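# Structural overview
Residue-level listing of the chains:
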Amino acid sequence: MSAGLSCDVLWTGARLLPMTDPARPDLLIDDAVVAARDGHILYAGPRDGAPAFVPARTQACEGRLITPGLIDCHTHLVHGGSRAGEFEARLAGASYEAIARAGGGIVSTMRATRAASEADLVAASAPRLAEMLACGVTTVEIKSGYGLEPAAEARMLRAARSLGAAMDVSVATTFLGAHALPPEFAGRADAYIDSVIAMLPDLVGEGLVDAVDAFCEGIGFNTQQVERVFLAAQALGLPVKLHAEQLSNLHGAALAARYKALSADHLEFLDDAGVAAMAAAGTVATLLPGAYYFTRDTHLPPIAALRAAGVPMALATDCNPGTSPLTSLLLAMNMGATLFRLTVAECLAGVTIHAARALGRGDIGALAPGFWADMAVWDVTQPAELVYRIGGSPLHARVWRGQ
């Protein structure tokens, strides 16, 4: 190319899946180039008709596929301990709810997390995050919710921020204080919600919270309690999201939609009214097939109804110690296709452009001028290969902010 615009890196000879048009997530551009400067994309499109660039470095892709960097928009990555024993109990027939009511489940992880220092949490979580990055992830959401008291919740969120700073990945933090009722508040759920609301100002003041979540379920919190948390978040200018309709239909998704939630997640028992409310509010449906698979669920989320209503569908690992110890977003896509019958295009949109929307981000999830240069370069040529494979990762290079 002749002298022209300067750029830091120019990727050439790629097959490009830009994800710039939600209506055309399968749009594939052959013989494409991508130019980046100062961590942002200058151009991503066909070589023919591209501006002339003067790159500091050129990277030949040799026909490899480039997608936006993958976004894991729902994880519980930071935690202490393991729950392999509960997995064994479920294999013997115990239900998730029975285990939780017997003192296991989230409360079991709470004990291990409360006992861990911030350094312990970082050390335990870093290998899990590294596995995610090896699958092309450039942005990950990390929730609190296993501390269930102010000091431990803050440690979790600080650990999440530390992981992002140390491992060249964008981390979105979500405060999930309303995740479970800790033993010291047994029988006093409303008083615990008071405690959760009281935690928020200090956490926000420390810059630790990007969004607020809650678990709306019979073994979690009811809609009135969740609404109190949402009102507190709203007063602080924070977006909300919700674990909804995983085990039963408490109409949490409709509540989330009333508060313009970024996403409602799980949704196995979502009804038509909830679908309509989400569609009207623009709330993303975050599907979590890892938890569906791991708990041997049989009640499918209403994929056809969500699709027909035009509700954006994101996919995530739900990485957590009890119901989805999954770190591969590639495997989550395969599960989304095989278990939920999502198309290849829906799976890829679910971990890029729709996942970005589930985090309230308009600067990632697609390859377009002005977006962060977060990309995954794959040793494949067809997008279907990324959904088709079970196990392993065909990642050739992970690019975060142009590097």
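Structural notes, computed from the coordinates.

About the thresholds
The residue numbering used here restarts from 1 in each chain and proceeds along that chain's sequence as written. Confidence filtering applies because this is a predicted model: local features only for residues at pLDDT of at least 70, side-chain atom pairs given and counted only at 80 or more, and all residues used for totals across whole chains, interfaces and linings. Only hydrogens and water are set aside when side-chain values are computed; all heavy atoms of the structure are taken into account. Helix and strand assignments follow DSSP, with helices taken as H or I runs no shorter than four residues and strands as E runs no shorter than two, numbered in order from the N terminus. Put simply, the radius of gyration uses C-alpha atoms, and a globule should come to 2.2 Å times the residue count raised to 0.38. Contact between two residues is taken to exist if any of their heavy atoms lie within 4.5 Å; hydrogens are not considered. His is not counted, nor are the chain ends, whereas Lys and Arg count as positive and Asp and Glu as negative. Just so you know, the charge point we use is NZ for Lys, CZ for Arg, CG for Asp and CD for Glu. Paired strands, in this sense, are two strands between which DSSP finds at least two bridges. To obtain each axis, a line is fitted to C-alpha atoms, and for helices this fit is confined to the stretch in contact; angles are then taken between N-to-C directions over 0 to 180 degrees. Polar contacts, as used here, are pairs of N or O atoms within 3.5 Å; protein pairs need one atom able to donate a hydrogen and one able to accept it. Residues neighboring in sequence count only if both atoms are side-chain atoms. For the purposes of this section, nonpolar cores are sets of buried Ala, Val, Leu, Ile, Met, Phe, Trp, Tyr and Cys residues that join through side-chain atoms within 4.5 Å. Buried residues are those whose accessible area, probed at 1.4 Å on protein chains only, stays under 20% of the maximum for their type, while exposed residues exceed 50% and partly exposed ones sit between those limits.

### Considerations on the overall build of the protein
Each helix and strand in the protein was counted, giving 15 helices and 15 strands. Relative to the compact-globule value of 22 Å for 403 residues, the protein shows a C-alpha radius of gyration of 21 Å, a close match. For the protein, contacts bridging at least 24 residues in sequence account for 72% of all contacts bridging at least 6. For the protein, the distance from the average position of its 29 positive side-chain charges to the average position of its 40 negative side-chain charges is 1 Å.

### Brief notes about the sheet that holds strand E12 (residues 284–287)
Taking strand neighbours across the sheet as the criterion, the eight strands line up as E6-E7-E8-E9-E10-E11-E12-E13 in an open arrangement whose pairing is parallel. At either margin of the open sheet sits one strand with a lone partner, and together these are strand E6 (70–72) and strand E13 (313–315). Sheet twist, expressed as the average angle between the axes of neighbouring strands with direction ignored, equals 25°. Inspection of the sheet shows E6 paired to strand E7 (residues 137–143) by three bridges, in the parallel sense.

### Some remarks on the environment of His-74
For His-74, the location among the structural elements is in the loop between E6 and helix H1 (84–91). For His-74 and Tyr-146, which are 72 residues apart along the polypeptide, the C-alpha to C-alpha distance reads 15 Å. If we skip the residues at most four places from it in the chain, His-74 touches Glu-141, Lys-143, His-243, Asp-265, Thr-286, Leu-288, Ala-316, Thr-317, Asp-318 and Cys-319. Only 3.3 Å separates the side chain of His-74 from the side chain of His-243, close enough to count as a polar contact.

### Points about the nonpolar core
Counting 114 residues, the largest nonpolar core has Trp-11, Ile-66 and Met-333 as the members making the most contacts within it. With seven residues, helix H12 (residues 329–340) is the single largest residue contributor to this core. The contact partners of Trp-11, leaving out residues within four places of it in the chain, are Ala-32, Val-33, Val-34, Ala-36, Gln-59, Cys-61, Ile-66, Met-375, Val-399 and Gly-402. In terms of nonpolar packing, the next biggest core, distinct from the first, is built from 13 residues, Ile-71, Ala-172, Leu-288 and Ile-364 among them.

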